[in-house]
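As a plain string of letters, each chain reads:
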Amino acid sequence: MSLVSQVADPMYFSTNGTRHYYIDVGASSAPAIVLIHGFPFSNEMWQPQIDALKSRYRVVAYDLRGQGNSEVGDGQYTLELLVDDLIALLDHLGIQRAILCGLSMGGYVALRSTERNTDRVAALILCDTTSEADSNETKLRRAAAIKTIKQSGVKSYGEVFVKGALAPRDLDEGDISQRVENLILPNQALGLCGTLLALAGRTDTTSFLPKIQVPTLILVGESDKITPPDLSRRMQSLIPNSELHVVSHAGHLSNMENPKEFNNRLMNFLQKHFES
Ligand code: MLT
């Protein structure tokens, strides 16, 4: 096996006028899995999964434009542009087909990437996400979020976001709340506002779900209030060859809130489809 690297060497690549940060760890000959983070975070939210996966998979985790260590650029984004960026990253790394694993916003990007580039996707892992486009109510919530970020800053927005994202039992547990806030804080207001507009303008991918032909795992926190388990159940009923697991003691960030159960489900799924 030729090794890409044994440690998380930070790297950059440029596409569509913006420099993106990514890490690429594990054996280059192993199946490639690309981790796509949620909003408003960075690739660092995937650390428990990177640790679990890297001895058996090629693991790529990147920061979407406008977040983490990727450049903000002009702050004008669309979901289609985020898909373009992901495909450019696969091209840059010479990965023909990848397992796409996305949480929430990352799931929107994974689903739309699969719809647009079916031949580039080997499997899908959809975490705390939905195929449905924003309702009017959600669009108004995004408008309010943009206002808060502009008027009160990223920190104020982050504090409110964390309260709504984590399972209730975690609200008293300073550690996870603090870790999630620490992921949000370094982000710049312009990048977050541009991403919110992209999310509000994304297409609905529900009609594509019955056409998905790759193995699909759906994971959702039992107390996810942002993309509740019923949305996952609806997706599972429409995607052939899909399985769903509800992660206990977890809210919207199931991979961070209950990494043990999340990773068990993830590793079992991958073993079944890529190690037999
Ligand atoms: C996320 O976690 O990516 C966001 O909650 C997605 C969204 O706001 O739709």
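Residues numbered from 1 in each chain as written. Predicted model: local features only at pLDDT ≥ 70, side-chain atom pairs only at ≥ 80, totals over all residues. Heavy atoms only, no water.

Participant: Explain the packing of aromatic side chains to me, please; I cannot follow it from the model alone.
Facilitator: Within this structure, the stated rule accounts for five aromatic pairs. A centroid spacing of 6.1 Å and a plane angle of 75 degrees characterise the contact between phenylalanine 13 and tyrosine 22, whose relative ring orientation is edge-to-face. Of the residues examined, phenylalanine 13 reaches a relative accessible area of 5% and is grouped as buried. For tyrosine 22, a relative accessible area of 3% gives the class buried. Relative to phenylalanine 161, the ring of tyrosine 157 has its centre 6.0 Å away and its plane inclined at 40 degrees; by these criteria the two rings are tilted. A residue pair is termed a helical-turn pair when its members lie 3 or 4 positions apart in one helix, as tyrosine 157 and phenylalanine 161 do in helix 5 (residues 154-165) at four residues. The exposure class assigned to tyrosine 157 is buried, which follows from its relative accessible area of 10%. With relative accessibility at 13%, the residue phenylalanine 161 sits in the buried group. One aromatic cluster in this structure is built from Phe39, Phe41, Tyr157 and Phe161. A cation over a ring is seen here: arginine 19 above tyrosine 12, with NZ or CZ 3.8 Å from the ring centre. (Phe/Tyr/Trp six-rings, centres within 6.5 Å; stacked < 30°, edge-to-face > 60°. Buried < 20%, exposed > 50% of the residue type's maximum accessible area, 1.4 Å probe, protein only. Helix = DSSP H or I, 4+ residues; strand = E, 2+ residues; numbered from the N terminus. Lys NZ or Arg CZ within 6 Å of the ring centre and 35° of its normal.)

Participant: Can you help me understand the site of the ligand in this one?
Facilitator: By nearness alone, every residue bordering the ligand is listed as Gly38, Phe39, Ser104, Met105, Tyr108, Arg142, Phe161, Ile226 and His252. Serine 104 is positioned such that a nitrogen or oxygen atom in its side chain is 3.0 Å from an oxygen atom of the ligand. For the ligand, the protein covers 95% of the area, taking 270 Å² as the surface of the free molecule. Counted by class, the shell around the ligand contains five nonpolar, three polar and one charged residues. (Near = heavy atom within 4 Å. Polar contact = N/O pair within 3.5 Å; in protein donor to acceptor, adjacent residues only side chain to side chain. Areas by Shrake-Rupley, 256 points an atom, 1.4 Å probe, with all protein chains shown as cover. Nonpolar A, V, L, I, M, F, W, Y, C, P; charged D, E, K, R; others polar.)

Participant: I tried to follow the packing of helix 4 (residues 136-152) against helix 5 on my own but got confused; where do I start?
Facilitator: Packed helix pairs are characterised by how far apart their axes lie and by the angle those axes make with each other. The N-to-C vectors of helix 4 and helix 5 enclose an angle of 135 degrees; their axes lie 7 Å apart at closest approach. Of the possible angle classes, the one that applies to helix 4 and helix 5 is oblique. Every residue of helix 5 that contacts helix 4 at Ala145, Thr148, Ile149 and Ser152 is listed here: Val154, Ser156 and Tyr157. Among the residues making up the contact of helix 4 with helix 5, the classes are represented as four nonpolar, three polar and no charged. (Axes fitted to C-alpha atoms, helices over the stretch in contact; angles between N-to-C directions. Parallel < 35°, antiparallel > 145°, perpendicular 65-115°, else oblique. Contact = heavy atoms within 4.5 Å.)

Participant: Would you mind going over the pattern of salt bridges with me for this structure?
Facilitator: Pairing between side chains of opposite charge can happen when the charged atoms of each approach one another. The final tally for this structure, using the stated rule, is 16 salt bridges. Between aspartate 230 and arginine 233 there is a salt bridge whose closest N-O contact spans 2.8 Å. Note that aspartate 230 and arginine 233 are positioned in helix 8 (residues 229-238) at a spacing of three residues, about one turn of the helix. Accessibility expressed as a relative area gives 49% for aspartate 230, which makes it partly exposed. (Salt bridge = Lys/Arg side-chain N within 4 Å of Asp/Glu carboxyl O.)

Participant: Could you clarify how one ought to interpret helix 5 in this entry?
Facilitator: Note on helix geometry: an α-helix contains 3.6 residues per turn, so any two residues three or four positions apart are oriented the same way. Taking 1.5 Å per residue, 12 residues should reach 16 Å; helix 5 reaches 16 Å between its end C-alpha atoms and fits that length. Those residues of helix 5 that fall on the buried side of the exposure criterion are Val154, Tyr157, Gly158, Phe161, Val162 and Ala165. Projected down its long axis, helix 5 carries its buried residues within an arc of 130 degrees, all on one side. Facing away from the buried side of helix 5 by over 90 degrees, the exposed positions are Val160 and Lys163. (Expected span 1.5 Å × (residues − 1). Arc of directions from axis to C-beta.)

Participant: Help me out: how do you make sense of unusual backbone geometry in this one?
Facilitator: The bulk of non-glycine residues show a negative phi, and the bulk of peptide bonds are trans. The omega angle of the peptide bond from phenylalanine 39 to proline 40 is 0 degrees, so this bond is cis rather than trans. In this fold, proline 40 is placed in the loop between strand 4 (32-36) and helix 1 (47-53). You will see that aspartate 128, though not glycine, has its phi angle at about 45 degrees, which is positive. Mapped onto the elements of the fold, aspartate 128 is located in the loop between strand 7 (121-127) and helix 4. At histidine 249, a residue that is not glycine, the phi angle is positive and equals roughly 50 degrees.

None of the figures reported here should be taken as evidence of function without further support.
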